[in-house]
Amino acid sequence: MRKVSRRNLLQGAGVAIGLNSLTGLMPLPAYGMNSAGANPVLLNKREGIVKYHSCLRNCADRCLMKFRVQDGRMTYVSGAEEQAKTGTCPCVKGLTYVEYTYAPDRILHPMERIGEKGSHKWRRISWEEAWSKLISKTKEIVDKYGAEAVLPYSYSGNYGAIGMRGADRFFNRLGASVLDRVVCTEAGVWGYGSVQGTTDGPDPEEIPNSDCYISWGFNETVSNVHGIKLINEARDKGAKVLAVNPNRTPICSQADVYLQNYPGSDAYIAVGVMKYLLSHEGMVDYEFLEKYCIGADKAIARVNEISWNDIEKSTGVSRVEIEKFADIYGKSKRCIIRGGYGMQRNYNGARMTRAIGIMHAMRGMFDKPACGLIYDNVRPITGMNLNIGRGNYLRQGNPQHVNMTDLDKALLGQNPTTEGKPIKPIHMLVMYNGNPIAVSPNVNQVIKNFKRDDLFVVGFDMIMTDSMEYCDLILPASSQFETDDVIGDYHGWYVQICEKVIEPLGESKPNWEFFSEFGRRMGFTEQVFKDKPLDMIRQFLTTDTPWYQGVTLERLQKEKFIHLDMPPSVPVRHGGKAETPSGKLELYSETMLKAGFNPTIDVALCEPEMPEEERKLPFRLLSPGIPQRVNSSFYNVKYIRAFNAYECEIHPSDANKLGIKMGDRVRLTNQRGEAFFVARLSTRVTPGVVRTAKCNWRSTNPYGKGTNTNSLTTGKLADMGGCSAYHSTRVNVEKA
């Protein structure tokens, strides 16, 4: 675990300053009380009872924050300086948590729809009225169609162990359809996993000891801003930084070598790097390949089959630039790759990530200090007792599964399908921790499905999102800060406390309070529906997992965060085995062969899999995250709205051909729909590529209300794991 030092603290505070921090909200030390110009009203907000609570957004930082509470009201937020990972300051989004919590559009009482779905007509009702309607409708649907006619929809609006997973107890006991929450990382899980057997990599606190850091398809400023200080520490020691990304990020701009490839061509980049390694003595670790890998000879032969001409043509990157990258990488002794969460959201996502894993195996960069590949360090989460915490044992039989990315097909009234297979129709949708009208691809069809007369839609949320507009029944949820919880990291090796900061506002209920009462009112008599949050925290922490031994609620309440001492995730050099069928790193994979792909390296691109009408469109659309949002969160927060989430980045040469100037309103179209944005001319994208923000709201788009990025994105899934493929989308662009 890294120690706190003055330098670490300054770096932690400095991160948000470098990322458009909010003037007047930066939690700098309050030493200026007696200085001219000090604002005693603002400074006084920093006083009060201190509560520790972790940020529960879907972000790799997992900041531990300190809230000040005065007379039962949250007044101020800062980082927990005791934890070097977070430092004194959360990101620009975390700094708005007070306003987020007391937002004027908080839903504070139950409501029922009195107009057509989407008509914005509601009537306030009491909780007893709401319970009566909810219970009677649930029982009616279950009796008529069976429990599988009920589908939960949720994802990462609340990432707490209880807030995210506690509701599973209710749906497992009911026998509802199971929502497969594989929208985000799953293609990479299969791709990297096919090589090394896991997505887990080294402790990121080893990054400062590496001599080469590779940011591959990742935007640290969006999903890991506090991790930048680790990269800077490595650079201070002489490390090189390399980057691969079709959308230039701040880290790309600062990299020693940056490869801006065409979207979906990353496997070709990896092959180009491997060709260079194989042709230079000492750059391939043949001993590692022989002892700890299978299929190395076949992978090498596959690399040699692919020509430089095909690599340059497919990637748009010259051989010279790839070889510059490869030379630095090939000479490094301790290299960590940070694999991004967006690159795999392509039709070839698993195949691209697999190629990167094979490349790193050729260098022998596994199971050594400050080496490895970090994609999704989930062991702090999966190491908890999820069977008890989620109530998996309550599930009877084998209810049908529904892929959450398939709402355009799974919620059809007639002949619904998921992952290409028929399913029983869904007649009740219960939404919480999610906003599918902003998040789902092909969203125009999803809205049509929501409007079905025979689909009863329940929304349990704290604000009026776009999805809530189509609900039959709206129920007020509390924020994460209005209950107790616990959270494991998915980047750092930590488990952290989430203390209840304030009481629930209005008539709102925390997630577990709502779903446990839902269960009791349905007649469920099991003890689990009587458990309180602190009971559940103890249950999540009561596990046989070695790295959780000695981790208790009482210890977390005292220490606030605990660094988990986990073993290497790919322990092949230490006498252990990789979590692959062979126990070794698999450069030849039967799993890939059975899936219909090249068992070594598959370099297929996305365009051939697109419908012909889309393939002919002139622009590839990227829709990554932006630093001032987390998926569809924070769109209602006043200060955050000042950061535009409706820009369309377009290369100046393309804009010139189309007569588009900076600030012009533009229209993007394809066979799925249209969306409007404001043009931003930038070389952050290459010619033939445009970029908009992901998961933006339709209702807050000032350039075309009722349209958003996901009006355009493909609903077809990635090559493996049922993952989304948002970035395998093409569009036309014109001045509006």
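Just above, that's the structure.
Notes on the structure follow. (Residues numbered from 1 in each chain as written. Predicted model: local features only at pLDDT ≥ 70, side-chain atom pairs only at ≥ 80, totals over all residues. Heavy atoms only, no water.)

1. Regarding the sheet that holds strand S4 (residues 111-113)
Here is the rule: The criterion for strand pairing is that DSSP finds at least two bridges linking the strands in question. Under the DSSP-based scheme used, a helix requires at least four consecutive residues in state H or I and a strand at least two consecutive residues in state E, with every element numbered from the N terminus. Convention adopted: a line fitted to C-alpha atoms gives each axis, helices being fitted over their contacting stretch, and angles between N-to-C directions are expressed from 0 to 180 degrees.
With respect to topology, six strands assemble into an open sheet ordered S5-S4-S19-S18-S17-S6, the strand pairing being mixed. Both outer strands of the open sheet, strand S5 (122-124) and strand S6 (150-153), are each paired with one neighbouring strand and no more. Strand-to-strand twist of the sheet, defined as the mean angle between neighbouring strand axes without regard to direction, takes the value 20°. Bridging between strand S18 (residues 456-461) and strand S19 (residues 473-476) involves four bridges; their strand directions are parallel. For Phe-460, the partnering residue across the bridge sits in S19 and is Leu-475.

2. A closer look at the pattern of salt bridges
Convention followed: Counted as salt bridges are all cases of a side-chain nitrogen of Lys or Arg within 4 Å of a carboxyl oxygen of Asp or Glu. Accessibility here uses a 1.4 Å probe with only protein chains present; expressed as a share of the type maximum, an area under 20% marks a residue as buried, one over 50% as exposed, and anything in between as partly exposed.
Counted by the stated rule, this structure contains 50 salt bridges. With a closest N to O distance of 2.2 Å, Glu-649 and Arg-684 form a salt bridge. Highlighted residues: Glu-649 in strand S25 (residues 647-650) and Arg-684 in the loop between strand S27 (673-681) and strand S28 (689-691), separated in sequence by 35 residues. On the basis of relative accessibility, which here comes to 25%, the residue Arg-684 falls in the partly exposed class.

3. Concerning the pairing of strand S26 (residues 665-670)
Looking along a regular strand, one sees the side chains alternate between the two faces of the sheet. Strand direction decides the pairing type here: S26 and S27, joined by six bridges, are antiparallel. Within the sheet, the bridge partner assigned to Val-666 lies in S27 and is Phe-677. Counted between consecutive antiparallel strands, the loop separating S26 from S27 contains two residues. Where S26 and strand S29 (residues 729-735) come together, four bridges link them in antiparallel fashion. Following the sheet pairing, Thr-669 is matched in S29 by Asn-732.

4. A look at the environment of Met-365
As a reminder of what qualifies: What makes two residues a contact is simply this: any of their non-hydrogen atoms within 4.5 Å.
Its location among the elements puts Met-365 in the loop between helix H16 (349-362) and strand S13 (372-374). A relative accessible area of 1% places Met-365 in the buried class. Linking Met-365 and Thr-198, residues 167 residues apart in sequence, is a C-alpha distance of 15 Å. Apart from the residues lying within four places of it in its own chain, the contact partners of Met-365 are Ser-332, Lys-333, Arg-334, Cys-335, His-360, Cys-371 and Gly-372.

5. Quick look at the sheet that holds strand S24 (residues 619-622)
With respect to topology, six strands assemble into a closed barrel ordered S24-S28-S25-S27-S26-S29, the strand pairing being mixed. Geometrically, the sheet is characterised by an average inter-axis angle of 45° between neighbouring strands, direction not taken into account. Bridge count for S24 against S29 is three bridges, and the pairing is antiparallel. Its bridge partner being in S29, Leu-621 is matched across the sheet by Thr-729.

6. So, helix H4 (residues 127-145)
Cut-off, in case you're wondering: A helix is expected to span 1.5 Å for every residue after the first. Directions from the helix axis toward the C-beta atoms define the arc.
Between the first and last C-alpha of H4 there are 26 Å, a value that for 19 residues agrees with the 27 Å anticipated at 1.5 Å per step. Along H4, the residues classified as buried are Trp-127, Ala-130, Trp-131, Leu-134, Ile-135, Thr-138 and Ile-141. For H4, the arc enclosing every buried residue in end-on projection is 135°, short of the 170-degree limit, so these residues lie on one face. Along H4, exposed side chains directed more than 90 degrees from the buried face belong to Asp-143 and Lys-144. The secondary structure elements touched by the buried residues of H4 are S6, strand S17 (428-432), S18, S19 and helix H22 (511-521). Of the residues one or two after H4, Gly-146 is the one with positive phi, at around 100°.

7. Looking at the state of the cysteines
How we decide: A pair of cysteine sulfur atoms is labelled a disulfide when the two atoms are within 2.5 Å.
Going through the model one piece at a time under the given rule, you end up with zero disulfides. Distance from the sulfur of Cys-335, which forms no disulfide, to the nearest cysteine sulfur (Cys-212) is 3.8 Å.

8. Re helix H23 (residues 533-541)
Of the residues making up H23, those classed as buried are Met-536, Ile-537, Gln-539, Phe-540 and Leu-541. Those residues of H23 that are buried lie in contact with helix H5 (161-165), helix H6 (168-174), helix H18 (386-389), strand S20 (485-488), H22 and helix H24 (553-559).

9. Considering the nonpolar core
Here is the rule we go by: Buried residues of nine kinds, namely Ala, Val, Leu, Ile, Met, Phe, Trp, Tyr and Cys, make up a nonpolar core once their side-chain atoms join them within 4.5 Å.
One finds Ile-214, Trp-216, Met-274, Phe-325, Met-362, Leu-585 and Leu-587 to be the most contacted residues of the largest nonpolar core, which totals 83 residues. Ranked by the residues each element gives to this core, the list is headed by helix H11 (residues 266-278), at ten residues. Setting aside residues no more than four positions away along its own chain, Met-362 makes contact with Met-274, Leu-278, Met-283, Val-284, Asp-285, Leu-289, Ala-299, Ile-300 and Val-303. Membership of the second largest hydrophobic core comes to 58 residues, among which are Ile-141, Val-458, Tyr-494 and Val-551.

10. As for the pairing of S25
The alternating pattern of S25 places Glu-647 and Glu-649 on one face and Cys-648 and Ile-650 on the opposite face, and all of these are buried. Note: S25 against S27, four bridges, orientation parallel. Note that in S27 the partner of Glu-647 across the bridge is Val-678. Two strands pair when backbone bridges link them, and S25 and S28 are joined in this way by two bridges, in the antiparallel orientation. Within S28, the residue paired with Ile-650 across the bridge is Val-690.

This is a description of form; function is not addressed.
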